[in-house]
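A structural walkthrough
What follows is the residue order along each chain.
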Amino acid sequence: MQSLELMPRMIDCMIEYQNNLQTLRLKELLYSAKNVVFCSHSSPDGDAVGCLLAFANFFDGIKNYSFVLPDPCPEFLRWMPLCDRILDSHNNPAELNKAFETADLLVALDFNDPGRLKSLSEIFLSSNALKVCIDHHPLVYDKYDALICTVNTSSASELVYQFLMDCSSDHPIDKNTATAIYTGIITDTGSLSFSCNHPSTYSALVNLVNAGVDGAYVHTMVFDNYPCERTKLLGYVLNDKLIVNPQRHFAYYAISLEELDRFAYRDGYMEGFINYALNNRNVKLAASFVEQNDRVRISLRSKGRTDVNKLAMEHFNGGGHVNASGGSWYVDTGSAIELFLEVVDNYICD
Ligand SMILES: [Mn+2]
C-alpha cells in the first residue's frame, strides 16, 4: 500500500507537471498575441510593480506591450527601470482604455480575482481578449485561458522569474529585468523575513545577482528613501496609537483621516508599519485600521498557523494569504475594531 507520507510530494509533482503545461500554453499565447496588456492590482506594491516591469524590461525593444495599474505607482517604486511605461487610470485614462480595446491578450499579475482591479475590473471582465494569470494568492477565480497559480511561492515575481527563465533560451534575463524581479521578491518577503522557506527563492536571487542586480542599491531605494513625514507618522502610530495585548496575542492600531492629513499622508506611506505591531513578543496577530474617504482599510498580519486570510474573508470583505491579508469595512472605524475584538480570539493558533 502506498505510504501516506508520499502523498504531499506527489501532489507537488502533479502541480508542477500541470504548471509545465500551463507555462507552455502561456508562452504560446504570449508569443502569438499582437496587443498584450499586462495588469496588476489596486494599491500596487513592490511585487505588483516588479511583475509588470519584469515583462516591460524583458520585452523592451522586442514587443510593444502595454502595462497598466488601476492606481498610480507608489513613490517608493518610481525609480524602477521603465516605470514611466506604466499607464494608470488616474493619469492616463484614454491611453489605458485604448490599450484594453485593442488587446487580444490580457495578463493578470499578482492577483487572480478581477475584483482586485477595482476601477478596471469591468473593462477586464467584459473584454473579449484571451486572459491568462500568474499569481501566488489562493485561487478565487479560475476562468483563464492559461493559469500559473501557486500559494507557496514567495511572490508573483518569483513565478514571473521562472516563466521568463523558460523564455530566455534565445534572450537572457538582463540587469533591469532582474532588478524588477528582485525588488518584487524582497518587498513581498519583507527582505526575506517571511514567505521564503523554499530553496527556489534563494536560487532565483543568486541568479538575479549574477545577472547584475545591485542588492544594496535596491534596498536603499526601497527602504532608506522615505520622506521624513512618513517616519514621523510611524513614530506617532507606534507611540500614541499602538495597542498591544500579549495575553490575547494581538496588537492593533487605528488612524483617522484627520491624523493622516497632519502628516501629509500619501499612498504607500503606511506600507510596513504593521510589521512593527507583529514584532512584539507573544503577539501572533496584528491589525491596522486606516480610515479612508469611503471605507476603513484593514491590513492583517500573523505568525505561524494563525490564519488572517480566514479572518479577512469571514469578517472584513477581503482575503489574501495565511500570514498576510487585508480587507475593507464600510461603516466606521469604531465598529470595525469592536468586531475585531469580538472575533480575534477564534483565529489565534499556536
Ligand atoms: Mn504578491
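This section reports on the structure supplied with the text. Since this is a predicted model, take the numbers as computed values, not measurements. (Residues numbered from 1 in each chain as written. Predicted model: local features only at pLDDT ≥ 70, side-chain atom pairs only at ≥ 80, totals over all residues. Heavy atoms only, no water.)

1. Examining the packing of helix α6 (residues 175–188) against helix α7 (residues 199–210)
Here is the rule we go by: Only C-alpha atoms enter the line fits that serve as axes; for helices the fit covers just the stretch in contact. Angles between N-to-C directions range over 0 to 180 degrees. Think of it this way: any DSSP run of H or I at least four residues long counts as a helix, any run of E at least two long counts as a strand, and we number them from the N terminus. Crossing handedness: left-handed means the near helix sits turned counterclockwise from the far one by under a right angle, and right-handed means the same turn made clockwise. Throughout, a contact is declared for two residues whenever any of their heavy atoms are within 4.5 Å. In this count, Pro and Cys sit with the nonpolar residues alongside Ala, Val, Leu, Ile, Met, Phe, Trp and Tyr, while Asp, Glu, Lys and Arg are called charged and the others, Gly among them, polar.
Packing of α6 against α7 brings their axes to within 9 Å, and their N-to-C directions diverge by 145°. Crossing of α6 against α7: the hand is left-handed. Residue-level inspection shows Ala 178, Ile 181, Tyr 182 and Ile 185 of α6 in contact with α7, the latter providing Thr 201, Ala 204, Leu 205, Leu 208 and Val 209. Taken together, the residues of the contact of α6 with α7 sort by class into 8 nonpolar, 1 polar and no charged.

2. Some thoughts on the coordination of the manganese ion
Convention followed: Distances define the donors: N, O and S atoms within 2.8 Å of the metal qualify, as do those within 3.2 Å of Na, K or Ca. Water is excluded, so some sites may look unfinished. Burial classes follow relative accessibility: with a 1.4 Å probe on protein chains only, a residue under 20% of its type's maximum area counts as buried, one over 50% as exposed, and anything between as partly exposed.
Surrounding the manganese ion are the protein donor atoms Asp 47 (OD), Asp 110 (OD), His 136 (NE2) and Asp 188 (OD), at 2.1 to 2.3 Å. By relative accessible area, which is 1% here, Asp 110 ends up buried.

3. Concerning unusual backbone geometry
If you check the backbone angles, Asp 110 has positive phi at about 65° while not being a glycine. Position of Asp 110 among the secondary structure elements: in the loop between β4 (105–109) and α4 (121–126). Although it is not a glycine, Leu 192 sits at a positive phi angle of roughly 60°. Along the chain, Leu 192 falls in the loop between α6 and α7.

4. Here's the deal with the pairing of strand β10 (residues 296–302)
Note the cut-off: For two strands to pair, DSSP has to find at least two bridges joining them.
Counting buried residues in β10 gives 5 out of 7 residues, a clear majority hidden from the surface. Pairing analysis gives 7 bridges linking strand β9 (residues 285–291) to β10, with the strands arranged antiparallel. Within β10, the residue paired with Val 290 across the bridge is Arg 297. Counted between consecutive antiparallel strands, the loop separating β9 from β10 contains 4 residues. Direction of pairing for β10 relative to strand β12 (residues 324–329): antiparallel, over a ladder of 6 bridges. Its bridge partner being in β12, Leu 300 is matched across the sheet by Ser 325.

5. Some remarks on the pairing of strand β6 (residues 146–149)
Residues Ala 146 and Ile 148 line one face of β6 and the alternating positions Leu 147 and Cys 149 line the opposite face, and both faces are buried. Pairing of strand β5 (residues 130–135) with β6 involves 4 bridges; the strand directions are parallel. Each residue of the ladder has a partner; that of Ile 134, found in β6, is Ile 148.

6. Some words on the environment of Arg 248
To be explicit about the condition: Polar contact is the term for a pair of N or O atoms within 3.5 Å; when the atoms are in protein, one must be able to donate a hydrogen and the other to accept it, and sequence-neighboring residues count only if both atoms are side-chain atoms.
Assignment of secondary structure puts Arg 248 in the loop between β7 (243–245) and β8 (250–255). On the basis of relative accessible area, Arg 248 is assigned to the partly exposed category, the value being 31%. In contact with Arg 248, other than residues within four places in its own chain, are Leu 341, Val 344, Asp 345 and Ile 348. In terms of polar contacts, Arg 248 uses its side chain to reach the backbone carbonyl oxygen of Leu 341, at 2.9 Å.

7. Quick look at the pattern of salt bridges
Once the charged atoms of two side chains with opposite charge are near each other, the side chains can pair. For the record, the criterion: What makes a salt bridge here is a side-chain nitrogen of Lys or Arg within 4 Å of a carboxyl oxygen of Asp or Glu, nothing more.
All told, the structure shown has 8 salt bridges when counted by the stated rule. For Asp 345, the salt bridge is made with Arg 248, and the minimal N-O distance between the two is 3.0 Å. Here Arg 248 lies in the loop between β7 and β8 and Asp 345 lies in the segment after α13 (333–343), a separation of 97 residues in the sequence. Residue Glu 258 is joined to Arg 262 by a salt bridge in which the shortest nitrogen-to-oxygen separation is 3.2 Å. Within this pair, Glu 258 and its partner Arg 262 are both found in helix α10 (residues 257–262), separated by 4 residues, close to a single helical turn. When its relative accessible area of 48% is taken as the criterion, Glu 258 is described as partly exposed.

8. Some thoughts on a nonpolar patch on the surface
The line we're drawing: A residue counts toward a patch only above 30% relative accessible area and without a salt bridge, and it is joined to like-charged neighbours within 9 Å or, for Val, Leu, Ile, Met, Phe, Trp and Tyr, to nonpolar neighbours within 5 Å. For every accessible area listed, the method is Shrake-Rupley and the probe measures 1.4 Å; residues are considered covered only by the protein chains on display.
There is a patch of nonpolar side chains on the surface, built from Tyr 17, Leu 21 and Leu 24 and spanning about 350 Å² of accessible area. Topologically, Tyr 17 is positioned in helix α1 (residues 6–32). Given a relative accessible area of 56%, Tyr 17 falls into the exposed group.

9. Some details on the sheet that holds β5
Read across the open sheet, the 6 strands follow the order β3-β2-β1-β4-β5-β6; overall the sheet is parallel. In the strand order of this sheet, the two ends are held by β3 (86–88) and β6, each with one partner. When the angles between neighbouring strand axes are averaged without regard to direction, this sheet yields 25°. With 5 bridges joining them, β4 and β5 adopt parallel strand pairing. Bridging from a neighbouring strand, Leu 109 pairs with Ile 134 of β5. Where helix α2 (residues 46–58) meets the sheet, it contacts β1 (36–39), β2 (66–69), β3, β4 and β5, and its direction lies at approximately 170° from that of β2.

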